[in-house]
Amino acid sequence: MCLLRQAPEPVGDIFQSVLAGSVYRMIRINDIIDKMVEENPEADVDLVERAYIYSARAHQGQMRLSGEPYLTHPLEVAGILTDMRLDPKSVAAGLLHDVIEDTQATPEDIEEMFGKEVRHIVSGVTKLGKLPFGSKQARQAESIRKMLLAMADDIRVILIKLADRLHNMRTLQFHKENKKRSIAQETIDIYAPIAARLGIYWIKNELEDSSFKYIMPEEYSAIESMVSKDREDREKYIDTVKTYVKKKMDESNLKCVVLGRYKHFYSIYQKMASQDLSFEEVYDIIAFRLILDTIPQCYEALGMVHSLWKPIAKKFKDYIGVPKPNMYQSLHTTVIGLLGERIEIQIRTHEMDRVAKSGIAAHWSYKEGKRDDKDINAKFAWIQSLVENQAEFRDPQEFLENVRIDLFPDDVYVFTPQGEIKSLPKGATPIDFAYLIHSEVGNQCTGAKVDGRMVPLKYELQTGNIVEIVTSKGHHPSKDWLNFVKTVKARSRVRQWIKVQEKERSLSLGREMCDKTFRKHRLNFSALIRSEEMKSVVEHFGFKTVDDLIASVGYGKTTPLQIARRFASQTEPEAEKGSLFNKLIRKVRKKKPQAGVVVKGLDDILVRFGKCCQPVPGDAVTGYITRGFGVTIHRTSCVNALKMNPDRQIDVQWSEAVNQTYPVKIKLNSLDRVGLLADIASSISKNGANILSVNTETKDDKTVDSFITIGIENTTHLKKVVSDLNKIKYVQGVKRVG
């Protein structure tokens with residue numbers, strides 16, 4: 001087979017559309033085909049060439065924001081898929097992944113030219129941008145829901161989606177500022193965790209670092225600067241450790257490859273933020289990897305490392321004996337190294353290293369329509385579980401939040417009494433385990449035994465535990481369980497039970513409240529509830545049944561006065577248009593928001609801000625109705641808000657009409673010195689912010705933690721204050737608290 005091909009015809013036309021004088025290096029179709037043939041000489045390259053020609057013609061005349069021809073994007077996506085060693089149908093689908101959405105091509109056209117399988121993959125990848133939804137968040141939620149369903153059906157859909165997102169992140173600089181942040185946030189919330197769960201860590205790391213750069217540019221630049229500052233010394237240190245380890249392994253006749261690598265920037269930031277560390281305190285900025293031929297050699301190498309350096313207790317993890325759900329296998333250990341510093345070391349075989357780099361893609365190859373790994377579906381049963389757990393969520397925010405929970409990568413591995421291994425997220429409890437076994441087991445759970453001993457239901461399970469659930473017929477879930485369950489399945493089943501109970505109570509309360517309000521305005525609620533007018537009122541408020549509307553009154557989500565207004569406007573005669581009731585309604589409707597937020601459909605309701613998270617303009621916010629206290633505003637990421645009943649949630653947004661300041665608590669860590677507090681106060685004052693309270697604590701190591709509450713206007717104002725505080729001499733870090 002000739003590897004030197006003449007470029008297919010459309011390329012010349014497309015290159016002519018590039019502005020004169022622009023120069024760039026675009027991956028060529030020949031590069032992709034050459035890689036495929038090198039991997040598999042029998043690969044169906046004709047399918048890929050035809051897909052390339054079709055994509056080139058379909059996208060002809062279209063340009064990217066960078067000024068490059070649009071064809072550069074599907075070519076780059078196909079190149080990434082080829083690097084992942086995927087089959088020709090996946091690469092062809094990568095070349096065609098945008099033609100249905102962005103051109104006149106139809107799914108039927110794709111099937112006719114490339115077959116059902118390629119059409120199926122391309123349809124799964126196609127976004128829902130053209131479909132109407134009530135909000136941007138609803139569109140995003142529905143797009144991700146479709147992607148998860150397609151992913152459960154054919155994993156190649158998500159592999160193409162990841163390649164698509166990876167190239168889009170590489171060219172994100174050409175978007176507007178707010179678009180950059182929005183795309184980067186979605187990437188770090190959804191796509192990076194999916195890559196991690198699929199075990200494709202090189203994509204996960206690149207997605208996280210590129211997102212980090214746009215979401216927190218100042219923090220990214222600071223870490224980049226600190227890493228590069230001592231790079232020369234670190235390079236020497238890496239060479240010293242590698243040489244020493246290689247020499248000792250050779251002496252023991254252990255043939256191995258020794259590698260040293262830098263931790264990626266976002267991982268360093270996460271460790272600094274989660275453990276409240278300075279950059280100098282992050283010990284594992286450099287990690288080492290030993291790659292050997294066999295599993296016994298891995299354990300032998302581990303013993304050798306532990307004989308050279310003292311291992312740190314509780315820092316050893318055996319992912320060879322108990323692999324992660326994404327098939328990742330390796331031995332992890334942390335030791336006290338040559339200079340008394342901590343060294344993180346990973347030990348694995350060459351095959352494990354290949355899987356660690358490519359994850360599921362290493363096992364998901366297609367040759368003549370047959371899968372290499374027959375157990376692939378069993379290994380990735382979590383994908384089907386994820387889809388099933390999300391099927392019942394209709395609220396976009398709750399759906400997206402639960403997807404994030406499901407993708408949480410840190411797992412513990414526990415056993416049933418029969419010895420079957422089960423994977424649960426870190427911090428999971430016996431309740432989570434019970435619902436994992438079966439919904440009825442969870443509902444009827446009254447107690448649990450761990451390793452033969454009774455434990456509280458909120459006990460956090462540890463890897464290796466043997467868990468036995470005690471059930472009792474007629475027992476029901478408790479609302480308190482929501483305070484400690486970790487899995488989406490357990491949380492959704494408990495909420496489902498509570499919803500049923502609360503709806504019955506809310507129906508009764510709602511009827512009582514409506515009856516009372518309607519009597520005040522001389523309206524007969526019992527008669528009106530059965531009238532034709534009631535149907536249009538129910539539709540006006542967006543409900544399907546009268547019971548749903550009345551229950552929402554009981555919840556506090558709709559007020560009886562709102563319903564009474566609808567009937568009053570429909571039933572009163574023209575002569576009474578000037579009645580006191582209508583004058584009061586108009587007066588209420590003209591009332592301007594005073595709290596800085598607008599509550600959807602409720603202009604006359606009491607609003608207060610959650611002290612737990614202290615939201616300010618610019619933060620994504622949501623409202624929760626509390627009987628007797630109006631609506632409490634929380635940041636959407638607030639832990640307390642996420643625990644609340646979603647039926648009490650209401651849409652809110654910041655009002656542009658109200659100008660005021662909001663309290664925000666920040667924590668400033670610095671070395672102690674004379675005049676520090678004066679400099680801090682001066683910097684805050686210079687930025688037009690007011691200091692509401694200050695509390696400082698000097699530690700034994702001469703560092704100072706200052707907790708300062710300041711009055712600021714919005715998130716932009718806050719970022720400016722924090723940025724200037726970070727520039728003060730000896731200040732090591734400033735962050736928002738809450």
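Residues numbered from 1 in each chain as written. Predicted model: local features only at pLDDT ≥ 70, side-chain atom pairs only at ≥ 80, totals over all residues. Heavy atoms only, no water.

**Student:** An account of the pairing of strand β2 (residues 286-292) is needed here, citing residue identities and associated values.
**Tutor:** Among the seven residues of β2, seven are classified as buried, and the element is accordingly described as predominantly covered. The two faces of β2 match: I286, F288, L290 and L292 on one face and A287, R289 and I291 on the other face are all buried. Two strands pair when backbone bridges link them, and strand β1 (residues 257-262) and β2 are joined in this way by six bridges, in the antiparallel orientation. Residue pairing for β2: G260 is matched across the bridge by F288. As paired elements, β2 and strand β6 (residues 342-349) share six bridges and run parallel to each other. Bridging from a neighbouring strand, I291 pairs with R348 of β6. (Buried < 20%, exposed > 50% of the residue type's maximum accessible area, 1.4 Å probe, protein only. Helix = DSSP H or I, 4+ residues; strand = E, 2+ residues; numbered from the N terminus. Pairing = 2+ DSSP bridges.)

**Student:** Account for the sheet that holds strand β11 (residues 445-450), naming residues and giving values.
**Tutor:** One open sheet holds the three strands; their spatial order is β12-β11-β13, and the pairing between them is antiparallel. Whereas interior strands pair on both sides, the edge strands pair on one side only; in this sheet they are β12 (453-455) and β13 (467-471). Strand after strand, the sheet turns through a mean of 35° between neighbouring axes, direction not considered. By the bridge criterion, three bridges tie β11 to β12 in an arrangement that is antiparallel. Within β12, the residue paired with K449 across the bridge is M454. Where helix α21 (residues 430-437) meets the sheet, its contacts fall on β11, β12 and β13, and the angle it forms with β13 comes to roughly 80°. (Axes fitted to C-alpha atoms, helices over the stretch in contact; angles between N-to-C directions. Contact = heavy atoms within 4.5 Å.)

**Student:** If you had to explain the pattern of salt bridges to someone new, which residues and values would you point to?
**Tutor:** In total, this model carries 23 salt bridges according to the counting rule given. Residue D353 is joined to R348 by a salt bridge in which the shortest nitrogen-to-oxygen separation is 2.9 Å. R348 carries the same exposure label as D353, and that label is buried. Across the pair R511 and D547 runs a salt bridge, and its minimum N-O distance is 3.5 Å. Taken together, the positions of R511 in helix α23 (residues 488-520) and D547 in helix α26 (residues 546-555) put the pair 36 residues apart, joining distant regions of the chain. Overall, D547 belongs to the partly exposed group, its relative accessible area being 34%. Overlapping salt bridges bring together E108, E111 and R119 as one network. (Salt bridge = Lys/Arg side-chain N within 4 Å of Asp/Glu carboxyl O.)

**Student:** Got a sec to walk through the side chain of T187? Specific residues and values, please.
**Tutor:** Mapped onto the elements, T187 comes out in helix α11 (residues 177-197). Exposure remark for T187: the relative accessible area of 0% places this residue in the buried category. Engagement of the side chain of T187 in a polar contact is seen with the side chain of R165, the distance being 2.8 Å. The contact partners of T187, leaving out residues within four places of it in the chain, are R165, M169, A192, P193, L207 and S211. (Polar contact = N/O pair within 3.5 Å; in protein donor to acceptor, adjacent residues only side chain to side chain.)

**Student:** Now, about the environment of G260: what can you tell me, with residues and values included?
**Tutor:** Mapped onto the fold, G260 is located in strand β1. On the basis of relative accessibility, which here comes to 29%, the residue G260 falls in the partly exposed class. Along the primary structure G260 and F288 are separated by 28 residues, whereas in three dimensions their C-alpha atoms are 4.4 Å apart.

**Student:** I'd like to hear about a negative patch on the surface, residue by residue, with values.
**Tutor:** Among the surface-exposed residues, D230, E232, D233, E235 and D239 lie close enough to one another that they form a single negatively charged patch. For D233, the location among the structural elements is in helix α14 (residues 231-251). (Patch = residues over 30% accessible without salt bridge, like charges linked within 9 Å, V, L, I, M, F, W, Y side chains within 5 Å. Areas by Shrake-Rupley, 256 points an atom, 1.4 Å probe, with all protein chains shown as cover. Lys, Arg positive; Asp, Glu negative; His and termini not counted. Charge placed at Lys NZ, Arg CZ, Asp CG, Glu CD.)

**Student:** Can you break down unusual backbone geometry residue by residue, with the values?
**Tutor:** Despite not being glycine, Q614 has its phi angle at roughly 45°, a positive value. Here Q614 falls in the buried class, since its relative accessible area comes to 17%. Unusually for a residue other than glycine, Y730 sits at a positive phi of about 75°. Along the polypeptide, Y730 turns up in the loop between α31 (715-726) and β23 (731-736). Relative accessible area serves as the criterion here: at 40%, Y730 is assigned to the partly exposed category.

**Student:** So what's going on with the packing of α11 against helix α12 (residues 201-215)? Which residues, and what values?
**Tutor:** At a closest axis distance of 9 Å, the pairing of α11 and α12 adopts a crossing angle of 160°. Relative to α12, the element α11 lies roughly antiparallel. Handedness of the crossing formed by α11 with α12: left-handed. Taking contact as the criterion, the partners of K180, R181, A184, Q185, T187, I188, Y191, A192, A195 and A196 in α11 are, on α12, Y201, I203, K204, L207, E208, S211, F212, Y214 and I215. (Parallel < 35°, antiparallel > 145°, perpendicular 65-115°, else oblique. Left-handed = near helix turned anticlockwise from the far one by under 90°.)

**Student:** Could you give me a rundown of the state of the cysteines, with the residues and numbers involved?
**Tutor:** With the rule as written, the count across this model stands at zero disulfides. Lacking any disulfide linkage, C612 is separated from the closest cysteine sulfur, that of C638, by 3.5 Å. When its relative accessible area of 32% is taken as the criterion, C612 is described as partly exposed. (Disulfide = S-S within 2.5 Å.)

**Student:** Report on the environment of D31, specifying residues and quantitative values.
**Tutor:** Tracing the backbone shows D31 in helix α2 (residues 29-39). Along the primary structure D31 and T82 are separated by 51 residues, whereas in three dimensions their C-alpha atoms are 9.7 Å apart.

**Student:** Tell me what's going on with the packing of aromatic side chains, and back it up with residues and numbers.
**Tutor:** In this structure the tally under the stated criterion is 14 aromatic pairs. When the centroid spacing of 5.6 Å and the interplanar angle of 80° are considered together, the rings of F609 and Y662 count as edge-to-face. One end of the pair, F609, is in strand β15 (residues 607-609); the other, Y662, is in strand β20 (residues 662-671), and 53 residues separate them in sequence. An aromatic cluster of at least three residues, connected via ring pairs, comprises F212, Y220, F265, Y266 and Y269. (Phe/Tyr/Trp six-rings, centres within 6.5 Å; stacked < 30°, edge-to-face > 60°.)

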